[in-house]
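# Results of the structural survey
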Amino acid sequence: MVVTFLPFEDSQQVSVMLQNDMILEGDENFFCTLNPQPEASRISLGTNIAVATIEDDDRKYN
Amino acid sequence: MSSRIVTFPVMATEQIVQITTNSDEISEDIETFLAVLSSPSAGATLGVERAAINITDTSSVILEFFPVMYTVLESNVSLTATIVKRTNTTRTVSVLFSTRSGSATGMGINRKRKVGRRGGGGREGRDGVMTYFSSFVQLYPTSLLSLTWL
């Protein structure tokens, strides 16, 4: 998805939906990445990968 | 606006006028101003009396994640990542956000594909079922992707 910054907007938040279950599986992770749009000019990416850890809270169900 | 008198001595055919521009830390589109000749002295007439000067900005806007590590309980509805803009700008800029499976499987902009589990007992990988719910953009304050882990 495209995240747009209007002039003088300093930050944007993007939410990733999570799906809960009751399976004991340990912590898991996924990655969020930023990539330039093909037609973008004069945009540089700093840290363009973020790591998201999903903590398993299913112990009480198993 | 500022002005000055430019004098041509006898036999001079050209004069150079320097205009100082101020640099800033703002990433901007091309900006323009005009240089204008007026009020020639007696015996002189003006030909092309206006020149347009473009100021081209070469500075870039820096976008990045901050923070770069997030932790959320599985029972949470969503995880929110923050993207920050490090450079002041008068331009509207955009960047492509996507997700990539780790040990949690899902899909963002990635195509549906076989995804295995890491450290999960060697279970056969299953099709990632992450779907890009662009319509959620209209339903929530922030744009939403969906991630399902198996």
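Small disclaimer: the values here were computed from a predicted structure and weren't measured.

### A closer look at the nonpolar core
- One finds Val3 and Phe30 of chain A together with Leu63, Phe65, Ile83 and Phe97 of chain B to be the most contacted residues of the largest nonpolar core, which totals 25 residues.
- Those elements that place two or more of their residues in this core are β1 (2-5), β2 (11-17), β3 (28-35) and β5 (49-55) of chain A together with β4 (61-65), β5 (69-73), β6 (78-85) and β8 (93-101) of chain B.
- Discounting residues that sit within four places of it in the chain, Ile83 of chain B has contacts with Val3, Phe5, Asp10, Ser11, Gln12, Val14 and Leu34 of chain A together with Glu64, Phe65 and Phe97 of chain B.

### Concerning the layout of surface pockets
All names here are of chain B.
- Quantified by volume, the largest pocket comes out at close to 1200 Å³.
- If you go around the largest pocket, you meet 28 residues; those closest to its centre are Arg4, Val6, Val36, Leu37 and Ser38.
- In terms of residue count, the dominant contributor to the lining of the largest pocket is strand β2 (residues 31-36) (4 residues).
- Classifying every residue of the lining of the largest pocket by side-chain character gives 16 nonpolar, 9 polar and 3 charged.
- By volume, the second largest pocket is sized at about 260 Å³.
- Lining the second largest pocket are 14 residues, and of these Asn22, Ser23, Glu28, Glu31 and Ile55 lie nearest its centre.
- Split into classes, the residues belonging to the lining of the second largest pocket amount to 3 nonpolar, 6 polar and 5 charged.

### Re the confidence of the model for chain B
All names here are of chain B.
- Put simply, chain B has an average pLDDT of 75, and 70% of its residues get 70 or more.
- Highest mean pLDDT in chain B belongs to β4 (96); lowest belongs to strand β10 (residues 126-127) (32).
- The complex prediction reports pTM at 0.68, with the ipTM value standing at 0.91.

### Let's talk about the confidence of the model for chain A
- Mean pLDDT over chain A: 86, with 94% of residues reaching 70 or higher.
- At the low end of the mean pLDDT range in chain A sits β2 of chain A, at 89; at the high end sits strand β4 (residues 43-45) of chain A, at 94.

### A look at the environment of Arg50 of chain B
All names here are of chain B.
- Following the sequence through the fold, Arg50 ends up in strand β3 (residues 50-55).
- Residues Arg50 and Ala35 lie 15 residues apart in sequence; the distance between their C-alpha atoms is 5.7 Å.
- Apart from the residues lying within four places of it in its own chain, the contact partners of Arg50 are Leu34, Ala35 and Val36.

### Some details on the packing of aromatic side chains
All names here are of chain B.
- One pass over the full model with this rule turns up 1 aromatic pair over all chains.
- Geometrically, the ring pair formed by Phe65 and Phe97 is edge-to-face, given 6.1 Å between the ring centres and 70 degrees between the ring planes. Separated by 32 residues along the polypeptide, Phe65 in strand β4 and Phe97 in strand β8 bring together distant segments of the chain. For the pair formed by Phe65 and Phe97, the shared burial category is buried.
- The ring of Phe66 carries Arg86 above its face, with NZ or CZ at 5.1 Å from the centroid.

### A short note on the interface of chain A and chain B
- Chain A puts 50 residues into the contact, and the matching count from chain B is 60 residues.
- Considering only the side of chain A, the residues that lose the most area to chain B are Met1, Met17 and Arg42 of chain A, jointly responsible for 17% of the buried surface there.
- Here chain A is connected to chain B by 0 salt bridges.
- Scanning the region where chain A abuts chain B turns up 36 residue pairs in polar contact (both at pLDDT 80 or more).
- Among the elements of the structure, β1, β2, β3, β4 and β5 of chain A are those that each provide at least two residues to the side of chain A that touches chain B.
- When residues of the side of chain A that touches chain B are assigned to their parent elements, the largest contribution, 8 residues, is made by β3 of chain A.
- Partitioned by chemical class, the residues of the side of chain A that touches chain B number 22 nonpolar, 17 polar and 11 charged.
- Pairing of β2 of chain A with β6 of chain B involves 7 bridges; the strand directions are antiparallel. When the sheet's bridge partners are listed, Met17 of chain A is paired in β6 of chain B with Ser78 of chain B.

The rules behind each value
- Residues numbered from 1 in each chain as written.
- Chains lettered and ligands numbered in written order.
- Predicted model: local features only at pLDDT ≥ 70, side-chain atom pairs only at ≥ 80, totals over all residues.
- Heavy atoms only, no water.
- Core = buried A, V, L, I, M, F, W, Y, C linked by side-chain atoms within 4.5 Å.
- Buried < 20%, exposed > 50% of the residue type's maximum accessible area, 1.4 Å probe, protein only.
- Helix = DSSP H or I, 4+ residues; strand = E, 2+ residues; numbered from the N terminus.
- Contact = heavy atoms within 4.5 Å.
- 1 Å grid on protein atoms, 1.4 Å probe; cavity = no way out; pocket = protein on both sides within 12 Å on 5 of 7 lines; lining within 4 Å.
- Points joined across faces, edges and corners; volume = space filled by probe spheres on them.
- Nonpolar A, V, L, I, M, F, W, Y, C, P; charged D, E, K, R; others polar.
- pLDDT = per-residue confidence, 0-100.
- Phe/Tyr/Trp six-rings, centres within 6.5 Å; stacked < 30°, edge-to-face > 60°.
- Lys NZ or Arg CZ within 6 Å of the ring centre and 35° of its normal.
- Buried area = accessible area lost by both parts, 1.4 Å probe.
- Salt bridge = Lys/Arg side-chain N within 4 Å of Asp/Glu carboxyl O.
- Polar contact = N/O pair within 3.5 Å; in protein donor to acceptor, adjacent residues only side chain to side chain.
- Pairing = 2+ DSSP bridges.

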